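An overview of the molecular structure
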There are 2 protein chains.
Amino acid sequence: MSSQTGTRGPRSDAAKNRAALLDAARTELNQDPDASLEAIAAAAGLTRRSVYGHFPSREALIGELAAIGAARVAAAVDAIHDTDPVLDLALVGRLVWDDVADVRAMTRTVVRGPLHEQVLSSELGPLHARIVADVELAAATGAGRTDLHAETVARLIEGAAFTVLDESLRRPMSRHEGRRLVVLAGLGALGLSWRDANAVLVANADRLTPEDDR
Amino acid sequence: MSSQTGTRGPRSDAAKNRAALLDAARTELNQDPDASLEAIAAAAGLTRRSVYGHFPSREALIGELAAIGAARVAAAVDAIHDTDPVLDLALVGRLVWDDVADVRAMTRTVVRGPLHEQVLSSELGPLHARIVADVELAAATGAGRTDLHAETVARLIEGAAFTVLDESLRRPMSRHEGRRLVVLAGLGALGLSWRDANAVLVANADRLTPEDDR
DNA sequence: CCTAAGTTGCACACACATGTGCAACTTGAA
DNA sequence: TTCAAGTTGCACATGTGTGTGCAACTTAGG
């Protein structure tokens, strides 16, 4: 009542800087998981102090970054489906890899860290559910293993993907090879023999390991 | 020349305390990977200050702990062999699991951390080499996959083992189930179908998944 | 019993990063 | 041009853990 609400829209460069911060954080954290706010702010052309004008805390920044990434992955994966559970799993692997390839290091540290239980399990929950469903369907079809709980198999598959991610951080690996490895490792965890896994791979080369190595 | 070397053997309880420190570190770090020297010393019945009478730094303590553990694993694995590469891999998996089962959390953090490249790769180098050799032999025999470099397959197998370790930290898992999972996941990475992997498991149940769940 | 080995407690320096308060400044939008 | 949104620089508090120096103490071994 006393004072008019200072009506004045937010400045446009504010949003720009916010985006720059998220972008810089993505890049910096991908190089050094423990990059300081100082470094991130500098990379965004700002000061550490002003970071707090956009995010209440370091954790909030990283949290939002993770949420965005997770949402991207979820969207990409949601966009495609296949009735064959084995092929569906392979496709999911390929898509996730494509989305994560540029932020592998960052992905690893986020997934290993405390964020795992927070943002990721809520944002990526559907993805996990889909994998479980595929595993169950594959088991019912006779294509996948039935000797373990579907939930466990799903974890093995996800773990295999992370193993490939680790490997890709240990030595240079082209996007193409990454795709191939993720699919092969995943199908192996599903219970396919390596010959069967490769058969799936070549029969669907156009969708699993296309040459358009963008 | 000037002063007689104060000849007096080291006190016996010194070695005892040193061992107690290593033991406490093992236990504490297994519960909290970031346990402070304060906590470790207390668990050993000592003070943080006196830790520095035995180890020059925190890193040295953990380093020695890791070296001891790695040596234990290496020794256990060295003690057994099999000419069949597939079975040999399964045996290695079982033995490693047995040795690591009590220190899973600590193992994870050590292997994920900076020690990985130091102590572990030197101490566990032979183990890795053996896995690679088994993979190559299995490929030559026709039992294992030939679609990937042996080195890569070895990493996939090791990664599968770590995935099982992670899973065992997420939910309760008996030693018996752990053994079974490690072997199945490992053979899957090697390229066996889930049926073949299970066949190996049951055909060698006495050596792979004995009931003596000590 | 003597004495050196080992322990203790305390203080301190150091490093490092986060989060805040505040005054002065720059910039964008109306 | 004006003025609030946004940025900057600096200081400061806070927290947390490591590594050291030192005097006083306790204990094991000869």
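Being a predicted model, the structure only gives us computed values, none of them experimental. (Residues numbered from 1 in each chain as written. Chains lettered and ligands numbered in written order. Predicted model: local features only at pLDDT ≥ 70, side-chain atom pairs only at ≥ 80, totals over all residues. Heavy atoms only, no water.)

Quick look at the overall build of chain A
Secondary structure assignment for chain A yields twelve helices and zero strands. Secondary structure elements of chain A occur, N-terminal to C-terminal, as α-α-α-α-α-α-α-α-α-α-α-α. In terms of principal-axis extent, the alpha carbons of chain A reach across some 70 × 40 × 30 Å. For chain A, the proportion of its 214 residues judged to be buried stands at 47%. Put simply, 66% of the contacts in chain A that link residues at least 6 apart link residues at least 24 apart. Entry remark: accessible area of chain A is about 10700 Å², with carbon and sulfur atoms responsible for 55%. Averaging the positions of the 24 positive and the 30 negative side-chain charges in chain A gives two centres separated by 6 Å. (Helix = DSSP H or I, 4+ residues; strand = E, 2+ residues; numbered from the N terminus. Buried < 20%, exposed > 50% of the residue type's maximum accessible area, 1.4 Å probe, protein only. Contact = heavy atoms within 4.5 Å. Areas by Shrake-Rupley, 256 points an atom, 1.4 Å probe, with all protein chains shown as cover. Lys, Arg positive; Asp, Glu negative; His and termini not counted. Charge placed at Lys NZ, Arg CZ, Asp CG, Glu CD.)

Points about the relation of the copies chain A and chain B
Once chain A has been moved 0.0 Å along the axis and rotated by 180°, it coincides with chain B to within an RMSD of 0.1 Å. What the superposition gives is, in effect, a two-fold axis relating one chain to the other. For chain A, the residue whose C-alpha comes nearest the rotation axis is S193 of chain A, separated from it by 2.0 Å. In this assembly, 100% of the residues forming the interface of chain A have copies in chain B that are likewise at the interface, indicating an isologous arrangement. (Least-squares fit on C-alpha atoms with pLDDT ≥ 70 in both.)

Quick notes on the interface of chain A and chain B
Taken together, the contact pairs 28 residues of chain A with 28 residues of chain B. Between chain A and chain B, roughly 2400 Å² of surface is buried when both sides are summed, and carbon and sulfur atoms account for 54% of that area. The interface formed by chain A and chain B contains two salt bridges. In this structure, the connection of chain A to chain B is made through ten residue pairs in polar contact (both at pLDDT 80 or more). Breaking the side of chain A that touches chain B down by element, the ones donating at least two residues are α9 (150–170), α10 (175–190) and α11 (194–203) of chain A. Looking at the side of chain A that touches chain B element by element, the count peaks at ten residues for α9 of chain A. Taken together, the residues of the side of chain A that touches chain B break down into nine nonpolar, ten polar and nine charged. (Buried area = accessible area lost by both parts, 1.4 Å probe. Salt bridge = Lys/Arg side-chain N within 4 Å of Asp/Glu carboxyl O. Polar contact = N/O pair within 3.5 Å; in protein donor to acceptor, adjacent residues only side chain to side chain. Nonpolar A, V, L, I, M, F, W, Y, C, P; charged D, E, K, R; others polar.)

Notes on the packing of helix α5 (residues 85–100) of chain B against helix α9 (residues 150–170) of chain B
Residues and elements named next belong to chain B. The geometry of α5 relative to α9 is characterised by a closest axis approach of 12 Å and an angle of 35° between their N-to-C directions. Both α5 and α9 take part in a crossing whose hand is right-handed. Contacts from L89, W97 and V100 in α5 reach I157, V164, L165 and S168 in α9. When grouped by side-chain class, the residues that make up the contact of α5 with α9 number six nonpolar, one polar and no charged. (Axes fitted to C-alpha atoms, helices over the stretch in contact; angles between N-to-C directions. Left-handed = near helix turned anticlockwise from the far one by under 90°.)

Things to note about helix α11 (residues 194–203) of chain B
The periodicity of an α-helix, 3.6 residues per turn, causes residues three or four positions apart to be oriented the same way. Residues and elements named next belong to chain B. Taken as a whole, α11 has its buried residues at W194, A197, N198, V200 and L201. When α11 is viewed along its axis, its buried side chains cluster within an angular range of 155° and face the same direction. Of the residues in α11, the exposed ones pointing more than 90 degrees away from the buried face are R195, V202 and A203. Buried residues along α11 sit in contact with α5, α10 (175–190) and α12 (205–208). (Arc of directions from axis to C-beta.)

Digging into the packing of helix α6 (residues 104–112) of chain A against α9 of chain A
Residue and element names in this part refer to chain A. The N-to-C vectors of α6 and α9 enclose an angle of 135°; their axes lie 10 Å apart at closest approach. Judged on the interaxial angle alone, α9 and α6 are oblique. Seen along the crossing, α6 lies across α9 with a hand that is left-handed. Contacts between α6 and α9 involve R104, A105, T107, R108, V111 and R112 on the former and, on the latter, F162, L165, D166, S168 and L169. In terms of residue class, the contact of α6 with α9 is built from five nonpolar, two polar and four charged. (Parallel < 35°, antiparallel > 145°, perpendicular 65-115°, else oblique.)

Focus: the protein's contact with DNA strand D
Close to DNA strand D lie 21 residues; R11 and N17 of chain A together with S12, R49 and R58 of chain B are nearest. A distance of 2.7 Å separates a phosphate oxygen of DNA strand D from a polar atom in the side chain of N17 of chain A. One nitrogen or oxygen atom from the side chain of S50 of chain A is found 2.8 Å from a phosphate oxygen belonging to DNA strand D. When contributions to the surface near DNA strand D are tallied by element, the ones reaching two or more residues are α1 (12–31) and α3 (48–51) of chain A together with α3 (48–51) of chain B. By residue class, the composition of the surface near DNA strand D is five nonpolar, eight polar and eight charged. (Near = heavy atom within 4 Å.)

A short note on the pattern of salt bridges
Across all of its chains, the model carries 35 salt bridges over all chains by this definition. A salt bridge links R108 of chain A to D166 of chain A, with the shortest nitrogen-to-oxygen separation between them at 3.1 Å. With a gap of 58 residues between them, R108 of chain A in helix α6 and D166 of chain A in helix α9 connect regions that are remote in the sequence. When its relative accessible area of 30% is taken as the criterion, R108 of chain A is described as partly exposed. A salt bridge links E64 of chain B to R18 of chain B; its shortest N-O distance comes to 2.9 Å. Residue E64 of chain B is found in helix α4 (residues 58–78), and its partner R18 of chain B is found in helix α1 (residues 12–31); the two are separated by 46 residues along the sequence. Assessed through its relative accessible area of 27%, E64 of chain B is described here as partly exposed. Residue R18 of chain B is classed as partly exposed on the basis of its relative accessible area of 27%. Among the ionic contacts, a cluster of salt bridges with common partners joins E151 and R155 of chain A together with E167, R170, R171 and E177 of chain B.

A short note on the environment of A90 of chain A
Residue and element names in this part refer to chain A. When you line up the elements, A90 lands in helix α5 (residues 85–100). Given the relative accessible area of 1%, A90 is considered buried. Along the backbone, A90 and L61 are 29 residues apart, and their C-alpha atoms lie at a distance of 32 Å.

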